[in-house]
Amino acid sequence: MPLTAFKSPVQNNVQNKAPLGVKPLISEPLILGIESSCDETAASVLKRNKDGSVQILSSIVASQDEEHAPFGGVVPEIAARAHMQKLDIIIERAVTEADVDYKDLSAVAATSGPGLIGGVITGLLSAKGLAMSLDIPLIAINHLEGHALSPRLAGACEFPYLLLLISGGHTQLLSVKGLGDYQRLGSTVDDAAGEAFDKTAKVMGLGFPGGPNVERTAQKGNPKAVALPRPFKGKDHADFSFAGLKTAVARAYDASEKTPLAKADIAASFQQAVCDVLTERTGKAMTMFRKEAGSGPQRFVIAGGVASNTQIRTALDKLCAENNFTLLAPPLKYCTDNAAMIALAGAEHYMRANFDSYDVKARPRWPLDAVSAKNNPASGFGKRGPKS
Ligand code: KG4
Ligand code: ZN
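The structure displayed is predicted, hence computed values, not measured ones.

Time to look at the overall build of the protein. In terms of helices and strands, the protein carries twelve helices and ten strands. Split into buried and exposed, the 388 residues of the protein put 55% on the buried side. For the protein, the accessible surface area stands at approximately 16200 Å², while carbon and sulfur atoms represent 54% of it.

The subject of this paragraph is the coordination of the zinc ion (ligand 2). Those donors, His143 (NE2), His147 (NE2) and Asp337 (OD), are the protein atoms that reach the zinc ion (ligand 2), and they lie 2.0 to 2.1 Å from it. Coordination geometry of the zinc ion (ligand 2): the four donor atoms subtend angles of 94 to 143° at the metal centre, consistent with an arrangement described as irregular.

Attention now moves to the nonpolar core. The biggest cluster of nonpolar side chains holds 43 residues, and the ones touching the most others in it are Leu162, Leu164, Phe242, Phe270, Phe300 and Ile312. Within the residue set of this core, elements represented by two or more residues are β6 (161-166), α6 (193-203), α7 (210-218), α8 (243-255), α9 (260-293), β9 (298-303) and α10 (310-322). Sort the elements by how many residues they give to this core and α9 lands first, with twelve residues. Not counting the four nearest positions on each side in its chain, leucine 162 is found in contact with Leu173, Leu174, Leu185, Ala285, Met286, Phe289, Arg299, Phe300, Val301 and Phe325. Counting 35 residues, the second largest nonpolar core, distinct from the first, contains Leu46, Leu163, Ala303 and Phe355.

A few words on the site of ligand 1. Neighbouring ligand 1 are 19 residues, the closest being Gly168, Asp198, Gly211, Glu215 and Asp337. Taking histidine 147, its side chain carries an N or O atom lying 3.4 Å from an oxygen atom of ligand 1. For ligand 1, an oxygen atom lies 3.2 Å from a polar atom in the backbone of glycine 194. When contributions to the shell around ligand 1 are tallied by element, the ones reaching two or more residues are α5 (143-149), α6 and α7. Partitioned by chemical class, the residues of the shell around ligand 1 number four nonpolar, twelve polar and three charged. Of the domains in this structure, domain 1 (3-154 + 334-380) and domain 2 (161-329) are the two that each give at least three residues to the shell around ligand 1.

Judged by pairing direction, the sheet is mixed, and its five strands sit side by side in the order β3-β2-β1-β4-β5 without closing on themselves. At either end of the open sheet lies a strand with only one pairing partner, and these are β3 (54-63) and β5 (138-142). Geometrically, the sheet is characterised by an average inter-axis angle of 20° between neighbouring strands, direction not taken into account. For strand β1 (residues 30-35) and strand β2 (residues 40-48), the ladder comprises six bridges, and the chain directions are antiparallel.

This next bit is on the confidence of the model for the protein. Here the protein averages 89 in pLDDT, while 90% of its residues score no lower than 70. The low-confidence segment residues 1-15, where pLDDT is below 50, has 31 contacts with residues more than four positions distant or belonging to other chains. Contacts of residues 377-388 to residues separated by more than four positions or lying in other chains number 29 contacts, the stretch itself having pLDDT below 50.

Glancing now at the environment of tyrosine 253. On the secondary structure map, tyrosine 253 appears in helix α8. Separated by 53 residues in the primary sequence, tyrosine 253 and threonine 200 place their C-alpha atoms 9.3 Å from one another. Each residue touching tyrosine 253, except ones within four places of it in the same chain, is listed here: Val203, Met204, Lys258, Lys263 and Ile266.

Reading the values: the criteria
- All residue numbers here refer to positions counted from 1 along the written sequence of the relevant chain.
- Think of it this way: whatever chain is written first is A, whatever ligand is written first is 1, and the rest follow in order.
- The predicted nature of this model means local features are confined to residues of pLDDT at least 70 and side-chain atom pairs, given and counted, to a pLDDT of 80 or more, with totals for whole chains, interfaces and linings taken over all residues.
- Side-chain figures throughout are based on the complete set of non-hydrogen atoms in the structure, without hydrogens or water.
- Numbering of helices and strands runs from the N terminus, with a helix taken as a DSSP run of H or I at least four residues long and a strand as a DSSP run of E at least two residues long.
- Note on exposure labels: buried denotes an accessible area under 20% of the residue type's maximum, exposed denotes more than 50%, and partly exposed covers the range between, all computed with a 1.4 Å probe on protein chains only.
- The protein chains shown are the only cover counted for residues, whose accessible areas, like all others here, come from Shrake-Rupley with a 1.4 Å probe.
- Only nitrogen, oxygen and sulfur atoms within 2.8 Å of the metal, or 3.2 Å for Na, K and Ca, are treated as donors, and water is left out, so sites may look incomplete.
- A four-donor site is classed as tetrahedral when every donor-metal-donor angle falls between 85 and 135 degrees; four donors are called square planar, and six octahedral, when trans pairs exceed 155 degrees and all remaining angles lie between 65 and 115, with any other arrangement labelled irregular.
- Among the buried residues, those of types Ala, Val, Leu, Ile, Met, Phe, Trp, Tyr and Cys that are joined through side-chain atoms within 4.5 Å form a nonpolar core.
- Note on definitions: a residue-residue contact is assigned when non-hydrogen atoms from the two residues lie within 4.5 Å.
- Being near a molecule or strand, for a residue, means having at least one of its heavy atoms within 4 Å of it.
- Polar contacts here mean pairs of N or O atoms no more than 3.5 Å apart (in protein, one a potential hydrogen donor and the other a potential acceptor; neighbouring residues in sequence count only if both atoms are side-chain atoms).
- Under the convention adopted here, Pro, Cys and the residues Ala, Val, Leu, Ile, Met, Phe, Trp and Tyr are nonpolar, Asp, Glu, Lys and Arg are charged, and Gly plus all remaining residues are polar.
- For the purposes of this description, domain bounds are those given by an automatic or database domain assignment.
- Should DSSP find at least two bridges between two strands, the strands are regarded as paired.
- Helix axes are fitted to C-alpha atoms over the stretch in contact, other axes to C-alpha atoms as well, and angles between N-to-C directions run from 0 to 180 degrees.
- Confidence of the predictor in every single residue is expressed as pLDDT, which spans 0 to 100.

Written out as structure tokens, the structure is:
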């Protein structure tokens, strides 16, 4: 990749472009990543090597589980306050652990959306302050793009690939054709998969965060014990729906004896239902993906917090084997929210001199694939609109 000059504000037709003036790009940049879009306060320092591989020099994640646990879910005001209290310390730790100096940083990349607006603003403001004071570029990252590129934290992952992004706020199937080139093949019309795990855990009093607790409880249960729906099964599209399943679980729990065994059976049956839905819908998306990508071997990537579920990973691995796809996934600790994936996305944008203005805005909603977010009717309904 040839060294490029920073684009001036005039070239970019944007005021306050960061940084002002022209500097050569660093061929092996050191990027500070900041993540604060939900309930993890995270910072990471990552180096991008000339060959495109990356070294994660530090990745610090401070979970807010304790703060939100009494409420059985993330409380936005508490999240924003916790980010404010922890962010400086976490950034300092990331820089110290990476054994670098602030002046060595080439750019600051921060999640600028989508997410809980208070948290996003907190992280973005810290990034702006740092970038301005160090006179280095600011890179505003779409949190979903961080997840989409996260398998690259573990090694090479060539474009194109089919991506299943399954987290607490999102459930989407995307064709990832290149950096910034995403086509949505399907998405949830109501709740996200992680949300269904969290609500199920809340209803059954399993504690927060829901996903790992449901998975643990399910280990001792019978996945066939309770009949639950598989929304959209057999439909000729790749969209998802989890609201009906969530309600069915709540009803089943109400009607149960609420013993540890009953809880284990409901958790196992719920997890099996989510697993079946994810594999069946992904199967449809594989067919859609093949229309452009062809019949040869293809790559399939899973990312997001729900991708750390072992049963779901195993089922998707089997689906891949049956359909001539290779499964690629970030290591477990990079499935859930982290700043290394934000730094990685930042590094890729840095190499293309895709910098942002110091007055770039935080965005509570920010579809990764703007075109299909607009055109895909599945994104248009649901209580809170698209999960993007
Ligand atoms: O990617 P993430 O950390 O945050 C968002 O961007 O939303 O994902 C968090 C979600 C939560 O809903 C959590 O319950 C779910 O991922 N999760 C799991 C597991 N670990 C985390 N869901 C199912 N099984 C797990 N082991
Ligand atoms: Zn996430």
